[in-house]
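Inside the fold
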Amino acid sequence: MPEKFITDLHIHSKFSRATAKNLDLEHIYMAAMIKGVSVVGTGDFTYPAWIAEIEEKLEPAEPGFFKLKHELKKRLDKEVPKTCHNKVRFILQTEISSIYKKNDRVRKNHNLIFFPEIEIVKKFNSILDKIGNIRSDGRPILGLDAENLLELMLSVDDRGIFIPAHIWTPWFSMFGSKSGFDTIEECFGSLSKHIFAVETGLSSDLPMNFRVQNLDNLSLISNSDAHSPRFIGRNASIFNTDFSYFGIREALIKKDITKYLGTIDMYPELGKYHYDGHRNCNVCFNPVQTLEFDGICPECSKPLTLGVLNRVQKLADRPEGFIPENRHGYQSIVPLADILSEIFKVGPNTKKVNANFNKAIEQIGPELEILLNKSIKEIEKAKIPLLAKAIEKMRQGEITISPGFDGEFGKVKIFKSENLSLFGTKKTAKKKEKQSKTISTMPTFTKAISKPDQKQQVQEKGLNKEQKKIVLTERLPLIVEAGPGTGKTRTLTEKIAHLITEKKVEPGSILALTFTNKAANEMKQRISKMILCKKSKTLSVSTATFHSFCLMILKEFTSFDFAIADNDTRGGLIKNACTSKKIKPADADLIIQKEKQNLQTFKNHGNKTIQNIWQKYESLLLANNLVDFEDLILMTVKLLQKNNDLLLKLQKRFIHIFIDEYQDINKAQYVLIKLIAGNGTNLMVIGDPDQSIYGFRGSDNKYFKQFTDDFPDSKKIILNKNYRSTQTILDASFQLIASQDVTNSKKKIFSDITGQKEKIIIVETASEKAEAVAVGKMIEELIGGTSFLSIDALNVKTAKEYSFADFAILFRTKKQALVFEEIFEKANIPFQSPNKEKTKAQNKDKNQSELWNHEQDFLEFEAEKISLMSIHASKGLEFPVVFVVGCEETFIPFSKNGKTIDNIEEEKRLFYVAMTRAKDILCLTHAKKRMIFGKTCAREKSNFLSSIEENLKQYQNSDFKKKIKNIIAKQLELF
DNA sequence: TGCCCCACCGTTTTT
DNA sequence: CGGTGGGGCA
């Protein structure tokens, strides 16, 4: 049997940011009754503690609905006036904030998700838990594409309900002016058909939505988005269907106007974002006025925050007042507290208003009943002066509203309309000035305007002159010095493709060597992509790491059947071999590995202790049929030195040899290359000696530098056109690296990127914690806020096209990541870090049996995250915004005991690598003091910073108090 | 063998 | 501060 009931399907719990502490199930229950709402969302079901509370206090009721357990209900019912008693049900609901990049623009939207069962919610949560952080806030922020979120929901249970939330609000919504889409299809692609309802939000009513054809096939619902109990039901929806989750779902899908009756909305003008304007400039415009001012604020000359009305007009394809056929209805209300507030001329959240509110509901009934249904006579019974009259006027629409704008709620007047100009500049008192000033001390960013089609241009025009030369050079040993961002790998793959497609070289005769599996795979992919484009046969180019290449040779040409000892195994064997206490196994391990990288054997090792351990270690390896990683190369070299026939055979097979990151080779690898490449005809190596940062594992860029001596008839080509960074970043990084080698000015690379120059930002903070906070705030500002709260607090006025994946935080030691993790966790900023990945891997191991495998079947989505990584790990990567943190002596350059620096040139190169990861914005931070090994240490700014000339740097002090003082002082000067 | 306490020491990371 | 490992004791 269908029945009529009122729903509020979007609220939050006390676990969401900026919500009331009493937003628990008890208060939600009582508030729903008082308001006259029968079905209320639980909010925040992604939050583990909240789900625990739900399980503890609720039990299943009608299908997909939940009710308070009996004892609790009995207790609470006593506290609610009898006139308001009614059944209240809960529906499992959450809101998820997505911030991500799609079609080259940053998108931010909020979406509501509903499920009928707690077990399904838990399943959904466990998957989300792996994608992002659901534990720090009731409304999680995920870098997950809304389309993927929908896909995920459907894959967990297709009886779920997915509703884009408050679709018109400027900052965080599907149609938002700041970072939304123009159509549902643009946002949800082929999954759009699974969107059957949208939430209109506080600042829009149905007639506004009716003007947009794109919404015609959807049910339009309204909810309160309450952050405290008293706001529950301020917006709501009315159903006349089966009293169950599935009744609601079906009514929304079928758009049957006898089953879904429509919305109860506050007048949209009361919403925070109805008109356009600037709150802090006291400018409030209607869309026409905004147009007159070209969308620019006359006070501060920055773009105005465009409100909902403006955005609706942009997307509207129908005139104002258009009502499509077969549409459900709507009713407009002014909250009872606001009416009482006007009657008694006190704030809506005051004792007086509360007392009279209670009086009204005790005498008459729930709020929505009073506002919509009760007769004027009944209302008069409450004996509240003017109330009946006010409600009568309200029902007839005889009210005046000064519209909300830029985060400020609108204001309603029922009895008098003076001083309420609907148009024009507001004259309200300046509030929150201090807060806005605080924020304005943050660095202001202007995005470097790189030509958007930069990359495409390169592709269209093909390669630049030098790159072309590289591709066309034949039958000569070739060394390419390629600075950061100069298109190194692209040129390499182009050359290989050229050989195959143009020169008809047999792909099997090409060998491309790299150092990591990741690099090898990437190269393989890029080559095959390119070749397939040019319609060639299947790819059989050998792309390999040095180690996998050697393994292949050993397996193919020796009969020695062995396994490879991984790190743990090797460590174990070394430990067993370490009978002497004079040396720690870890140190012995390092020494032995390094010796092997230099093609040494234990036989002629000088140190007796090491020699002993090493010999024992070798016999242990042999006894277990094991070889270590370095043996792979060592043994191959030995094999080829002994067996000339085999060497000739391999030389015949691999005619064209390419080596990427040549600056990273060690002696064993060098000897191997010289063997295989013979006289070097058709050998090409590419790399950047300034990015040699793996000395500690045997790499030596001397091999790069001596290439022209090794192969006297070789050719050297330098790539110095950079397609990654701004000239400022390149200038600064060159000044750093050139301080080691001024003679080679040829090496200087030049940016191909034109546009605004952003200086290198240098930030000094009081402590490591302050450093993390400062970085977090800068990121929030560049993203344009991650939550409503930060929007209100940060006074962000311009949309910046950055999303989480655009940021990297680089540090010298992994320990530095911890404080960033802690702060970002609290701030609900999604991040990935070496520590986090490690725990993830450990958990994976732990869960390997029953559960994990099962879950792995689910779709895996990559959510956008900020990257926290060591500078070493960042090599080869690029990010629009890079923070190099801890730019302090003993970190950069690193020194173990605070005095001796192992290899200052390599430290410089390391910093060079860090700086050149940045595309648009480079920020170098340092703390005045920090905790190191449990002790607070005074810290000195890295001397490397002083090799960057002053006019490339912009200093930013994160000491806000000082800034505020300055501002106040300046203001006083004016008088 | 197992457990507890104290001393010690502290980069970067791939195969 | 926090993990590890050796030494001492049960």
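Residues numbered from 1 in each chain as written. Chains lettered and ligands numbered in written order. Predicted model: local features only at pLDDT ≥ 70, side-chain atom pairs only at ≥ 80, totals over all residues. Heavy atoms only, no water.

**A look at helix H26 (residues 644–653)**
The line we're drawing: Only protein chains enter the accessibility calculation, which uses a 1.4 Å probe. A residue is then buried if its area is under 20% of the maximum for its type, exposed if over 50%, and partly exposed in between. Put simply, DSSP marks the helices as runs of H or I at least four residues long and the strands as runs of E at least two long, and each gets a number from the N terminus on. Arc definition: it is the arc formed by the directions from the helix axis to the C-beta atoms. Contacts described as polar in this section are N or O atom pairs within 3.5 Å, which, within protein, must combine one atom able to donate a hydrogen with one able to accept it, while residues neighboring in sequence count only if both atoms come from side chains.
Considered for burial, the residues of H26 that qualify are Leu-646, Leu-647 and Leu-650. In a view along the axis of H26, the buried residues occupy a sector of 100°, so they form one face of it. Residues of H26 that are exposed and angled more than 90 degrees away from the buried face: Asp-645, Lys-649 and Lys-652. For H26, the N-terminal capping position is held by Asn-643, with its side-chain oxygen 3.3 Å away from the main-chain nitrogen of Asp-645.

**Notes on the side chain of Asp-628**
Examined against the element boundaries, Asp-628 turns out to sit in the loop between strand E22 (626–627) and helix H25 (629–642). Looking at Asp-628, the relative accessible area reads 0%, which means it is buried. Looking at Asp-628, its side chain comes within polar contact range of the side chain of Gln-593, at 3.3 Å. One polar contact links Asp-628 to Lys-596, side chain to side chain, over a distance of 2.6 Å.

**A few points about the state of the cysteines**
Worth spelling out the cut-off: To count as a disulfide, a pair of cysteine sulfur atoms needs to be within 2.5 Å.
For the structure shown, the criterion picks out 0 disulfides. Among the cysteines around Cys-284, which has no disulfide bond, Cys-297 carries the closest sulfur, lying 12 Å off. Of the residues examined, Cys-284 reaches a relative accessible area of 4% and is grouped as buried. Not part of a disulfide, Cys-297 finds its nearest cysteine sulfur in Cys-281, a span of 3.8 Å.

**A few points about the side chain of Thr-491**
To be explicit about the condition: For this analysis, residues touch if any pair of their heavy atoms sits within 4.5 Å.
Take Thr-491: it is sitting in helix H19 (residues 488–501). Classification of Thr-491 by relative accessible area gives buried; the value is 0%. Separated by 3.5 Å, the side chains of Thr-491 and Gln-467 make a polar contact. A distance of 2.6 Å separates the side chain of Thr-491 from the backbone oxygen of Gly-487, its partner in a polar contact. Other than its neighbours up to four places away in sequence, Thr-491 contacts Gln-467, Ile-470, Val-471 and Leu-719.

**Details of the sheet that holds strand E20 (residues 542–545)**
Under the convention used in this document: Pairing between strands is defined by DSSP: at least two bridges between them are needed. Angular values range over 0 to 180 degrees, each being the angle between N-to-C directions of two axes fitted as lines to C-alpha atoms, with helices fitted over their stretch in contact.
Here 6 strands make up an open sheet; going across it, the order is E20-E19-E23-E24-E18-E25 and the pairing parallel. Only two strands of the sheet have a single partner each, and these edge strands are E20 and strand E25 (715–719). Adjacent strand axes in the sheet meet at a mean angle of 15° when their direction is disregarded. In terms of strand pairing, strand E23 (residues 656–659) meets strand E24 (residues 683–687) through 3 bridges, oriented parallel. Its bridge partner lying in E24, Phe-658 is registered against Met-684. Across the sheet, helix H18 (residues 465–472) touches strand E18 (478–482), E24 and E25, and the angle it forms with E25 is around 150°. Across the sheet, helix H21 (residues 546–557) touches strand E19 (510–514), E20 and E23, and the angle it forms with E20 is around 110°.

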